[in-house]
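# Structure at a glance
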Amino acid sequence: MNSTAPDPFKLVIVSAGTSDPSSTRLLADRISDRTCELAACHGQTVTSTVLELREIAADIASALVSQLTSPRLRAAIAALGEADGIIASTPVYKAGPSGLFTSFFDILDDDLIIARPVVLAATAGTARHGLVIDDQMRSMFAYLRALVIPTSLFAAPEDWGDPGLNKRIDRAAVEFVLLMESGFARKIRDASWESYQHEYGSAGGTETDIELDTDLMRLAAGGGAG
Amino acid sequence: MQFGIFSVSDITRDPVSGETPTEAARIDAIVRIAQKADEVGLDVFAIGEHHNPPFFSSSPTTLLAFISATTKKLIVSTATTLITTNDPVRIAEEYAMLQHLSKGRMDLMLGRGNTAPVYPWFGQDIRQSLPLALEHYNLLHRLWREDVVDWEGKYRTPLQGFTSVPRPLDDVPPFVWHGSIRTPEIAEQAAYYGDGFFANNIFWPKEHYVRLIRFYRQRYAYYGHGTEKQAIVGLGGQAYIARNSQDAIREFRPYFDDAPVYGHGPTMEDFMEMTPLSVGSPQEVIDKTLTFRENFGDYQRQLFLMDHAGLPLPTVLDQLELLGGEVVPVLRKETEARQDPETPAAPTHASLVKAKYGDQAPRQPRPNANRGDNVTGGSPYQDSSAETQADYPDL
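Read on for an overview of the structure.

### Section: the packing of helix H2 (residues 60-69) of chain B against helix H3 (residues 88-101) of chain B
Any two packed helices are characterised by the angle at which their axes cross and by the distance between the axes. Residue and element names in this part refer to chain B. One can describe the packing of H2 onto H3 by two numbers: an axis separation of 10 Å at closest approach and a directional angle of 5°. When the interaxial angle is binned, H2 and H3 end up roughly parallel. Facing H2, whose interface residues are Thr61, Leu64, Ala65, Ser68 and Ala69, H3 presents Glu94, Tyr95, Met97, Leu98 and Leu101. Here the contact of H2 with H3 is composed, by residue class, of seven nonpolar, two polar and one charged.

Here it is in structure tokens:
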């Protein structure tokens, strides 16, 4: 290692599993382990933070109904805001991702994870839920303008004994590490951040400086409406 | 530093007695609450504006005129007056009238309002809320400063040769606060005109307010009204006070747990930790309130929310006894000892008259004679300058 060694990748794992350990968390951990191994091969270290949504479920519910963000929730959001990559894993209930999972992402500032690489993972009791990631979860992350990797990782009970799952995890880890290595999110921030729609507070105060050169600002300072 | 109370005007079921007050009882109660605020030495009473149940305050100037007539020193104000759905011409007229009747013991706070259905009831569109608010205020600002206004904008029918009557008391416009929790354009407008900026401070993590108030202060200085420290800032807060904190917490909890907006969500303890809410002894409320200036800088007006969530009138009056009798006197003393000497006092009618006229007598407009068609001709007042000629539309 020399003085120009790259900063470690900051990996954040979001798990909406409910037991301890849950298969949802196990799936996330397998992706995370494979990601670390692969990154190490590329001479890259990884630091990871795990957000078990089960532990902040009441805080998430409070934030949804009262606009109030608890210190624990603020810490979780701050970790996401600094992530170089995100692994988001949820159980599937009633043909959709857990409400705990979607509620957490519902309360995030809209601009918090623009262009960040995301691995989506889901577990279910039946293979019939297999399209939940592609049909339902991708659209939420599209709204957040995150960059979901091409491979979705879904595990029904039969997948846990199937080497096919490992192959998909390997493939996902390659996609994920390459995206993180490219520095895409950071480059977007440097090169094109202003071109996204931002509102005051839409990325926890890091969204942008307050823009003075706008029609509304001119109207505020006594000008006419455009 | 001014201290006072602000009310949302909610009519909420008392979760302890199970009783919902009638509109009549709640309106009588709010008058009593304002009078009590005056009796215990608070400086300001402010009322919200709403146009749907369960609120009663659709007509703030009527209420505030009555209150000012039955109080001695209290400044009456609003929190907020809707600059979006009200016609700025009517705001100019109604609040100038209130200013005359209260002998200048009034100001007002403008806000946009966030109840979507209200906009179409008044012929407006919530999607245009921000430019509407900005344009309306630009007009309102002129109506109070120019005897004759010709105006054309996007959101209101044009004005030709219009004079808003009565002219402001002593020809000094009411002081205006702009309330906002997340809109830089509103902070910019407040700064541009040298008006006050108020952050309600009740819900959000304070970092948002801190940033917005800092922006307002910078822009206030940029527009040449004074230094950043001389900008005029107001803050909200919320308190429930008892002699000792155990009683305060026991008494307030059922109201907190059932409160509109934040009830059935966070615990009261979490809410106290995360927001300006103080539930406790006078000393605890004092200690917490004194931290506000550390976050926002020295400021001019502190308003407390004291009468919401179904608290019955006798309880609110007891609260005001404690607030005015024990909390605010200490806050005044401690704030004075701690604040930067450069900190200005909140503007009042007397200070604005002094600033405009010095020791000269204020202007007292007298209209010219009615020409017989109920207008005064080209020049509305005997002392109107020759340049302010009204140019009436052709009929």
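### A short note on the packing of helix H1 (residues 23-41) of chain A against helix H6 (residues 163-182) of chain A
Residue and element names in this part refer to chain A. Running from N to C, H1 and H6 point in directions that differ by 55°, and their axes come no closer than 9 Å. One finds that H1 runs oblique with respect to H6. For the crossing formed where H1 meets H6, the hand is right-handed. Listed contacts from H6 to Arg30, Ile31, Arg34, Thr35, Leu38 and Ala39 of H1 are Ile169, Asp170, Ala172, Ala173, Val174, Phe176 and Val177. Looking at the contact of H1 with H6 residue by residue, the classes come out as nine nonpolar, one polar and three charged.

### Structural notes on unusual backbone geometry
All names here are of chain B. In this chain, Ala79 is followed by Thr80 through a cis amide linkage whose omega measures 5°. With respect to the secondary-structure elements, Thr80 resides in the loop between strand E3 (75-78) and strand E4 (81-82). The residue after Val165, namely Pro166, is reached through a cis peptide bond having omega -10°. When you line up the elements, Pro166 lands in the loop between strand E7 (159-162) and strand E8 (176-179). In this structure, Ser9 is a non-glycine residue whose phi angle is positive, near 75°. With respect to the helices, strands and loops of the structure, Ser9 is situated in the loop between strand E1 (2-7) and helix H1 (23-39). The backbone of Lys103 shows a phi angle near 55°, a positive value even though the residue is not glycine. On the secondary structure map, Lys103 appears in the loop between H3 and strand E5 (108-111). Assessed through the 11 C-beta atoms surrounding it within 10 Å, Lys103 is described here as exposed.

Parameters and conventions
Residues numbered from 1 in each chain as written. Chains lettered and ligands numbered in written order. Predicted model: local features only at pLDDT ≥ 70, side-chain atom pairs only at ≥ 80, totals over all residues. Axes fitted to C-alpha atoms, helices over the stretch in contact; angles between N-to-C directions. Helix = DSSP H or I, 4+ residues; strand = E, 2+ residues; numbered from the N terminus. Parallel < 35°, antiparallel > 145°, perpendicular 65-115°, else oblique. Contact = placed C-beta atoms within 7 Å. Nonpolar A, V, L, I, M, F, W, Y, C, P; charged D, E, K, R; others polar. Left-handed = near helix turned anticlockwise from the far one by under 90°. Buried ≥ 20, exposed ≤ 12 C-beta atoms within 10 Å, placed from the backbone.

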